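One letter stands for each residue in the lines below.
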Amino acid sequence: MGGRDTDIVLLDENGIRSDGRKVNETRKVSIKAGVLKNANGSAYIEFGENKILVGVYGPRDVHPKHMSDTDTGILRCRYHMSPFSVGERKNPAPSRREVEISKVIKEALEPALMLKQFPRTAVDVFMEILQADGGTRCAALTGASVALADAGIPMRDLVAGCAAGKAADAIILDVNNEEDQAGQADLPIGYMPNLEKITLLQLDGILTPDEYKQCIELGIDGCKQVYEIQKKALQEKYFTNGGTD
Amino acid sequence: MASSSIIDQLKKNQILDMLKDEKRIDGRAFDEVRELSIDVGVIPKAEGSARARLGDTEVVAGVKIQPERPFPDTGDQGMLICTAEILPIAHPDVETGPPSPPVVELARVTDRGIRESKMIDMKQLVLEKNKSVVGIFCDNAVTDHDGNLFDACSYATTAALNSCKIPKYEMKDEVPTKVENEFDDPPITTLPVSVTMAKIDDYIIVDPNLDEWSIMDARITITTNSDGNIVALQKGGADGFTHDDLIKCGEISAKVGLKIREIIKESSSGGN
Amino acid sequence: MSNEKKRHVIPGEVIVSGQYRAEQNTVLDGDKVLATVIGLSDVHDGSVRVIPLTGGYYPKDDDLVVGKIVSHSAMSWEVNINSCYAGMLPATDVFGRDFSSHSDDLSAKLSNGDLIVARIVNADKTRDPLLTISGRELGKIDSGELVEFSPSKVPRLIGKRGSMIQMIEGATGAQIIIGQNGMLVVSCDDPNGLLKAIKAIELVEEKAHVANLTDQVNEMLELKSE
C-alpha cells in the first residue's frame with residue numbers, strides 16, 4: 001500500500017469521501033456496446049475516471065497450432081495500459097503487473113464462457129486502459145463481459161466487477177486511485193449475478209475477519225449495481241426499437 | 001498471411017474497373033480524403049490528447065509531459081518522442097508481442113514528421129541546461145484499422161500536441177518540481193500534416209482505405225508544414241513511382257495538406 | 001406447459017423454470033433454463049431456445065456457403081467461410097477421382113481471392129469442414145458484389161418461405177446468392193437496382209429485431225423507385 005497522504009481527506013466528519021461519495025456509493029459507470037468496426041464484439045466503459053476500450057475476436061483459429069485444444073476453445077486475455085493512461089508515462093511493453101491482471105481476469109471470465117462447443121479455436125479478449133484511476137481490473141472485467149456478449153460468445157452469465165475496501169477505518173465501496181494509494185485495503189471482486197458466484201477475488205492490505213465479510217457483502221452489492229449498467233448497454237444496442245447503433 | 005486480409009477477386013476487379021472510370025469504390029474523388037473528425041482532450045488526465053477518426057480508421061494519441069535528463073549532445077533542448085502502436089483490437093490480423101517492421105515504420109515515420117518539422121521549439125523547454133529538460137511523449141494507439149494509419153497518426157499527434165498543456169516546473173534543490181495548477185501553452189512553430197497517396201496501376205489516389213491499401217502497388221507519405229515546405233518523405237510498397245508521379249504527389253500533398261491543417265487547427269486551438 | 005411470448009434476453013437471464021427441454025443457445029441450471037446469448041427467447045411445445053441477434057457462423061452439414069480461397073496445399077484448397085473453422089475443398093472435387101498432384105495444377109482452377117458457392121459436406125468439429133462445388137448452382141463466382149451480413153440474421157433476410165428475399169429481388173431485379181455463413185453475392189444488370197438491393201439488405205441487418213421490418217423494407221423499396 002502507498003504511504004499516507006495527509007493532504008487528502010479520505011473521509012470527512014459527515015461520512016463524505018474525497019470525491020464527494022458516501023461509503024456505499026460506486027462512481028458513475030457508463031457502458032456502450034459495439035463501438036469498434038473490426039472487432040467481433042466490443043465495449044467502451046467509463047468507471048469514474050477510468051476509460052477502457054475492450055475488443056473481442058473469436059472464436060477463431062489458434063496460432064501457433066500447438067496452443068489449441070482439441071477438446072475445447074480456449075480463452076486468451078490481454079489487459080494493457082496505454083503509456084498515457086497513468087500519471088507518469090508508462091513504457092508500452094507489458095509489465096509483470098499487467099501479465100498478472102490478464103491472468104486473473106481470464107480466470108474470472110472462464111467460468112462464465114461455454115467454449116467446449118468450439119474445439120481448436122480461441123476467443124481473444126483485449127482490454128486497453130486509456131485512462132486509469134483505480135479499480136481498472138474490475139472495470140476492464142465489466143467491459144470484457146459486455147464485449148463477449150456483443151460478439152455472441154455463449155455465456156452462462158455476465159461477470160460484473162467492483163472493488164470494496166477500507167480507508168480512514170471505514171469500509172467503502174469502489175475504491176478510487178487516491179483511496180487505493182492512501183487507504184488500508186483494496187478488495188477487487190468479480191461476480192456472476194445470476195449464478196451467484198464470485199470469480200475474481202484479490203486483496204491488497206489488511207482486514208479483520210469481520211471487515212473481510214463486510215467487504216465481500218458490500219462488493220457483491222456493488223457488482224449487482226454494475227450488472228444493471230451492463231444489461232442496459234446491451235439492451236440499448238440490441239433491443240431499442242428502430243434505433244441506430 | 002492471415003486469411004482475412006486476402007481481398008476477394010470480385011472486389012479487386014471492381015476497384016480496378018472503377019479506377020479506369022475515374023471512380024473509387026467508396027465514391028470519393030482521387031484527391032479526396034475520407035471524413036476526418038478530431039476530438040481533443042479525450043484523456044483529461046494526460047497533458048494532451050486527441051482522437052482522430054479518418055473514415056473508419058481510429059487513433060487515440062496521448063501526450064505525457066515530465067522532466068527528463070536531456071540527451072548528451074543536446075543539453076540545451078527539451079526532449080520529444082513520438083510512438084505508435086496498432087492495438088490488437090484494431091484488426092483481426094494484429095498480433096501481440098514486439099512490434100513488427102510495418103509497426104516500427106509507422107512509429108518512426110510519425111515521429112520524423114513531427115520532429116523534422118520543428119513543430120515544437122525545443123529550445124524553450126529547458127529547465128536547467130545539460131541537467132534537466134521538459135520531456136514530451138506522444139504515444140499513438142490505433143484502435144480501428146481501415147487503412148492509412150500514417151495520416152491518422154499524424155493528425156492525432158499534431159492535434160494532441162497543439163492542444164496540450166505544459167506544466168510549470170521550478171528547480172528546488174536541483175530537483176525539478178511541478179507547480180500545481182500552473183501550465184503553459186506549448187511553443188508551437190508550425191503544424192505538420194502528412195498526406196499518403198497510393199499508386200494502383202497508373203492512378204494516384206489519396207487516403208487509401210484498407211481495400212485500396214491491400215491492392216496498391218506502392219505508396220508515398222509526404223509531410224508538409226504550415227509554410228507548404230516538405231519536411232518528411234516516406235515511400236513504401238513493392239513497386240515504384242515515376243518522376244512525374246513524384247512531382248504530382250508533391251503538389252497534391254500541399255493542396256490536401258492545407259485543407260487538413262484547417263481541420264486540425266479548428267479542433268485543437270480551443271485548447272491553446 | 002405454456003408457449004410463452006418471445007422476450008428479449010441476455011446471457012444468464014432465466015427464460016423459464018420447470019420441466020423444459022433446453023435447446024439452442026440455452027443452458028440448464030437446476031430447473032431453470034438460462035439464455036446463453038443475446039437474442040429472442042422462443043418457448044414452444046416444452047422446448048426452449050434463443051434466436052441469436054449476434055454471433056458468428058458455425059458450419060452445419062448441407063449449408064450453402066459463399067467462401068473465399070485463401071491458400072492451397074498439394075491436395076486441397078483452404079477456404080475462408082467466415083467462421084472459426086476454415087473450409088477444405090479437396091482437389092478431387094474439381095479434378096475428379098483421377099486427380100494427380102503432379103499434372104493437375106490447383107491454382108489454375110482456383111486461386112487466392114476467388115469466391116465460390118459451395119455446400120458443406122461434412123461438418124464434424126474434429127477437423128475442418130469439407131466442402132463441395134460440384135452440383136447445380138455451385139462453383140466459382142465470376143461477377144457480382146460480395147456483401148457481408150450477420151450470419152445470425154440470415155433467416156430474417158430469407159423470410160418465411162423466402163418471402164423477404166423474393167420481395168427484394170422482385171423490386172430491384174437483382175439476383176442474390178445467400179450463404180448461410182453471412183456472405184452474400186448480389187448481381188444486377190441495372191446499377192440502380194444493385195444499389196437498392198444492397199440498401200434493403202443493410203436495412204434488414206440494422207433492424208432484424210424490429211417487429212414491422214417487412215413493412216419498413218417494403219416502404220424503402222417503393223420509395224426508392226424513380
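As the structure is a prediction and not an experimental result, all values here were calculated from the model.

Right, let's talk about the environment of Gly87 of chain A for a bit. If you trace the backbone, Gly87 of chain A turns up in the loop between strand 4 (74-81) and helix 1 (96-109). Sequence-wise, Gly87 of chain A and Gln131 of chain A are 44 residues apart; in three dimensions their C-alpha atoms are separated by 9.5 Å. With sequence-adjacent residues up to four places away left out, Gly87 of chain A is seen in contact with Lys64 and Gln66 of chain B.

Turning to the sheet that holds strand 3 (residues 21-22) of chain C, a few remarks are in order. Within a sheet, each strand pairs with its neighbour through backbone hydrogen bonds, oriented either parallel or antiparallel. All names here are of chain C. Reading across the sheet, the four strands line up as 1-6-7-3 and stay open at both edges, with mixed pairing between neighbours. At either margin of the open sheet sits one strand with a lone partner, and together these are strand 1 (7-9) and strand 3. Sheet topology places strand 3 next to strand 7 (residues 47-52); two bridges connect them, and they run parallel. For Arg21, the partnering residue across the bridge sits in strand 7 and is Ser47.

It is worth spelling out helix 1 (residues 9-20) of chain B at this point. For helix 1 of chain B, with twelve residues, the first-to-last C-alpha span of 17 Å sits near the 16 Å given by 1.5 Å per residue. When helix 1 of chain B is considered as a whole, its buried residues turn out to be Leu10, Ile15 and Leu19 of chain B. Projected onto a plane normal to the axis of helix 1 of chain B, the buried residues spread over an arc of 165° and lie on a single side. On its buried face, helix 1 of chain B is in contact with strand 9 (193-200), strand 10 (203-206) and helix 4 (210-215) of chain B together with strand 11 (115-122), strand 13 (139-141) and strand 16 (183-187) of chain C. Backbone geometry just after helix 1 of chain B places Glu22 of chain B at a positive phi near 60°.

Below, the discussion takes up the layout of surface pockets. To find leftover empty space, a probe the size of one water molecule is rolled over the atoms. Space inside the second largest pocket adds up to approximately 1000 Å³. As for the second largest pocket, its lining consists of 38 residues, of which Val86, Gly87, Ala132, Asn177 and Gln181 of chain A are closest to the centre. Among the secondary structure elements, those contributing two or more residues to the lining of the second largest pocket are helix 1, helix 2 (136-150), helix 3 (177-182) and strand 8 (185-192) of chain A together with strand 3 (57-68) of chain B. When residues of the lining of the second largest pocket are assigned to their parent elements, the largest contribution, four residues, is made by strand 3 of chain B. A per-class count over the lining of the second largest pocket returns 14 nonpolar, eleven polar and 13 charged.

Cut-off values and rules
- Residues numbered from 1 in each chain as written.
- Chains lettered and ligands numbered in written order.
- Predicted model: local features only at pLDDT ≥ 70, side-chain atom pairs only at ≥ 80, totals over all residues.
- Heavy atoms only, no water.
- Helix = DSSP H or I, 4+ residues; strand = E, 2+ residues; numbered from the N terminus.
- Contact = heavy atoms within 4.5 Å.
- Pairing = 2+ DSSP bridges.
- Expected span 1.5 Å × (residues − 1).
- Buried < 20%, exposed > 50% of the residue type's maximum accessible area, 1.4 Å probe, protein only.
- Arc of directions from axis to C-beta.
- 1 Å grid on protein atoms, 1.4 Å probe; cavity = no way out; pocket = protein on both sides within 12 Å on 5 of 7 lines; lining within 4 Å.
- Points joined across faces, edges and corners; volume = space filled by probe spheres on them.
- Nonpolar A, V, L, I, M, F, W, Y, C, P; charged D, E, K, R; others polar.

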